[in-house]
Amino acid sequence: MLFDLIIALTTLAVGFVLVLPHVARFPLWRAVVTPLASIIGSGFLLLGPVLSHGYGGFAPLVMIGLCAVAYMFGGVIRSNIAAGETTIIEGGHGILAKRIENVSSWALAFAYIISVSYYLNLLGAFALSLTPYNSDFDAKLLTSGVFVLIVIVGCTNGFKSLERMEYFSVAIKLAIIAGLIIGLIVNFGDQARQNTLILNPQTVTGWPAVTMALGLLITVQGFETSRYLGSVYDAKMRIRSMRMAQWLSTAIYVIYIVLICYAFRPDQMSMSETGIIDMMQIVAPILPFLLVSAALASQFSAAIADTSGSGGLFTELSRNRISEPQAYFILAVIGITLTWSADIFAIVSYASRGFAIYYGLQSALAAVIAIKQKSGALKVSWYLALASLGAVIALFGQAIE
């Protein structure tokens, strides 16, 4: 009971600080919130059991690798922000750069659609996980309903309404993560004192282990949303806030995976999308309820961020031939179709491939700009290598079996 109380008080304290007016309105923090909402959309829910079960004691290294790849692609996006989006679109860096930017923006718009489907399917599964209606059919039905709700909100109140909901969703999510980390630290410490920490074996090795990791890129994706906040924040602020969001999310992910992978036996891990709930019941009775709340907050906030991004991109790229309400409707139709035709891990793989295509194209764009600016062969080679990495992920990233 005391342990549950400590976790609850930690959660409430962090949540209270985050909703204080001078914190919520601080410009840099507001700029961090949007990418953070997408980056920490599901990693702490899905990656714990998946990485621990698949990679055993090497799970933290795989997590660091995923975050490192994301940070490298983030560096590409930051470079393109510094080059000036308007300059790129207007052909200031050449016609090839302009065309690559256009194609990559279309790729991002469709990748957002898949990612929203991923977020909301996870939301549906967690929302019903502690109820009598914990079935695949009911979860898909709820997911479809949330798609409709987001479309209605987006069509009636626009981005401002979505952004307000997003901030409070992120605040709730970060507060619950703080409580979760405290609980896991105490559990980890108890096991360390009792000398019962575990070095689990890998269940996936060789090339399948590589392709499975490639298929998880979506779980650390979301930083690119900073690039599309130019109407609100200048380039310097967006570059700085994106970097902060990536470092913060990396710290959360790595600490979380370390605390998970050495403290649970393989028979205590489940590879289902809600497997983390069963694991946390072992730590403290309050944690499953907090995790469900975190899932609702995290998946909803991430879905809001990507829905907003997708709607704006469709409108911009179609030169207003597709309005934002029409874009939201397209998103819902495709998302609901994916919901009823694929499982969550297949959708994760599809989304990872979609974003890998976008990041690869953005890397190619950065290489073209570097050539135009005569930035040197080393920088051009680096961007081309990242473009190749994006292609490899798109081709070989596999769903979790």
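Preceding this paragraph is the structure being described.
Residues numbered from 1 in each chain as written. Predicted model: local features only at pLDDT ≥ 70, side-chain atom pairs only at ≥ 80, totals over all residues. Heavy atoms only, no water.

*Asks:* Whenever I open this one, the packing of aromatic side chains confuses me. Can you help?
*Replies:* Given two aromatic rings, their pairing is described by the distance between the two centres and the angle made by the two planes. What the rule picks out here adds up to 12 aromatic pairs. Ring centres of Tyr-112 and Phe-355 lie 5.9 Å apart, and the angle between their planes is 65°; this geometry places the pair in the edge-to-face category. Taken together, the residues span a long stretch of sequence, with Tyr-112 in helix α7 (residues 95-127) and Phe-355 in helix α14 (residues 344-372) at a distance of 243 residues. Residue Tyr-112 is classed as buried on the basis of its relative accessible area, which comes to 1%. Ring pairing ties together the aromatic residues Phe-73, Tyr-112, Phe-223, Phe-355, Tyr-358 and Tyr-359, which thus form one cluster. Positioned over the ring face of Tyr-71 is Arg-78, at 4.6 Å from the centre of the ring. (Phe/Tyr/Trp six-rings, centres within 6.5 Å; stacked < 30°, edge-to-face > 60°. Helix = DSSP H or I, 4+ residues; strand = E, 2+ residues; numbered from the N terminus. Buried < 20%, exposed > 50% of the residue type's maximum accessible area, 1.4 Å probe, protein only. Lys NZ or Arg CZ within 6 Å of the ring centre and 35° of its normal.)

*Asks:* Would you explain the nonpolar core in this entry?
*Replies:* The tendency in soluble globular proteins is for nonpolar side chains to be buried side by side. Membership of the largest hydrophobic core comes to 122 residues, with the highest contact counts inside it found for Met-63 and Met-280. The residues contacting Met-280, other than those within four sequence positions of it, are Leu-180, Leu-184, Ile-260, Phe-264, Leu-287, Pro-288 and Leu-291. Residues Ala-83, Ile-100, Val-368 and Ile-369 belong to the second largest nonpolar core, which totals seven residues. (Core = buried A, V, L, I, M, F, W, Y, C linked by side-chain atoms within 4.5 Å. Contact = heavy atoms within 4.5 Å.)

*Asks:* Looking at this structure, I do not really get a positive patch on the surface. What am I missing?
*Replies:* Taken together, the side chains of Lys-98, Arg-99, Arg-319 and Arg-321 make up a positively charged region of the molecular surface. With respect to the helices and strands, Lys-98 occurs in helix α7. With a relative accessible area of 35%, Lys-98 lands in the partly exposed category. (Patch = residues over 30% accessible without salt bridge, like charges linked within 9 Å, V, L, I, M, F, W, Y side chains within 5 Å. Areas by Shrake-Rupley, 256 points an atom, 1.4 Å probe, with all protein chains shown as cover. Salt bridge = Lys/Arg side-chain N within 4 Å of Asp/Glu carboxyl O. Lys, Arg positive; Asp, Glu negative; His and termini not counted. Charge placed at Lys NZ, Arg CZ, Asp CG, Glu CD.)

*Asks:* How should a nonpolar patch on the surface be read in this particular structure?
*Replies:* On the surface, Leu-2, Leu-5, Ile-6, Leu-9 and Leu-12 cluster together to form a nonpolar patch covering roughly 510 Å² of accessible area. Within the secondary structure layout, Leu-2 lies in helix α1 (residues 2-18).

*Asks:* It is not clear to me how the pattern of salt bridges should be interpreted in this structure. Could you clarify?
*Replies:* When the charged atoms of two side chains with opposite charge come close together, those side chains can pair. Applying the stated criterion across every chain yields a total of two salt bridges. With its nearest N and O atoms 3.1 Å apart, the salt bridge here joins Glu-101 to Arg-227. A residue pair is termed long-range when its members are at least 10 positions apart, and Glu-101 in helix α7 and Arg-227 in the loop between α9 (206-214) and α10 (235-261) qualify at 126 residues. Just as Glu-101 is buried, Arg-227 falls in that class too. In this structure, the salt-bridge partner of Arg-193 is Asp-190, at a minimum N-O distance of 2.2 Å. Of the two residues, Arg-193 and Asp-190 are both situated in helix α8 (residues 136-193); the distance of three residues between them amounts to about one turn of the helix.

*Asks:* Before we go on, may I ask you to explain unusual backbone geometry in this structure?
*Replies:* Its identity is not glycine, yet Asn-195 carries a phi of approximately 60°, on the positive side. Mapped onto the secondary structure, Asn-195 falls in the loop between α8 and α9. Phi angles above zero are rare outside glycine, and Lys-374 is one such case at about 55°. Along the polypeptide, Lys-374 turns up in the loop between α14 and α15 (377-396).

*Asks:* Please explain helix α5 (residues 59-83) as it appears in this structure.
*Replies:* Since the α-helix turns once every 3.6 residues, residues separated by three or four places project in the same direction. Spanning 25 residues, α5 covers 36 Å between terminal C-alpha atoms, matching the ideal 36 Å at 1.5 Å per step. Phi for Gly-84, located one or two positions after α5, is positive at around 95°. (Expected span 1.5 Å × (residues − 1).)

*Asks:* How should I be thinking about the state of the cysteines in this particular structure?
*Replies:* Disulfide: a covalent bond formed between the sulfur atoms of two cysteine residues. Taken as a whole and judged by the stated rule, the model has zero disulfides. In this structure Cys-67 is not part of a disulfide, and its nearest cysteine sulfur, from Cys-261, lies 14 Å away. (Disulfide = S-S within 2.5 Å.)

*Asks:* Sorry if this is basic, but what is going on with helix α12 (residues 286-317) here?
*Replies:* Its 32 residues place the ends of α12 46 Å apart at the C-alpha level, agreeing with the 46 Å of an ideal helix rising 1.5 Å per residue. The element α12 is extensively covered by neighbouring structure, given that 25 of its 32 residues are classed as buried. Just downstream of α12 lies Arg-319, where phi reads positive at about 55°.

*Asks:* How should I be thinking about the packing of α5 against α10 in this particular structure?
*Replies:* If you want to describe how two helices pack, look at the angle between their axes and the distance between the axes. Look at α5 against α10: their axes get within 10 Å of each other, and the N-to-C directions meet at 175°. As summarised for this structure, α5 and α10 are arranged roughly antiparallel, according to the angle between their axes. Residues belonging to the contact of α5 with α10 are distributed by class as follows: 19 nonpolar, three polar and three charged. (Axes fitted to C-alpha atoms, helices over the stretch in contact; angles between N-to-C directions. Parallel < 35°, antiparallel > 145°, perpendicular 65-115°, else oblique. Nonpolar A, V, L, I, M, F, W, Y, C, P; charged D, E, K, R; others polar.)

*Asks:* Would you explain the packing of α7 against α14 in this entry?
*Replies:* With their axes 8 Å apart at the nearest point, α7 and α14 run at an angle of 160° to one another. Considering their axes alone, α7 and α14 lie roughly antiparallel with respect to each other. When the axes of α7 and α14 are compared, the crossing they make is left-handed. Broken down by class, the residue content of the contact of α7 with α14 amounts to 23 nonpolar, six polar and one charged. (Left-handed = near helix turned anticlockwise from the far one by under 90°.)

What is shown is where atoms sit, not what they do.
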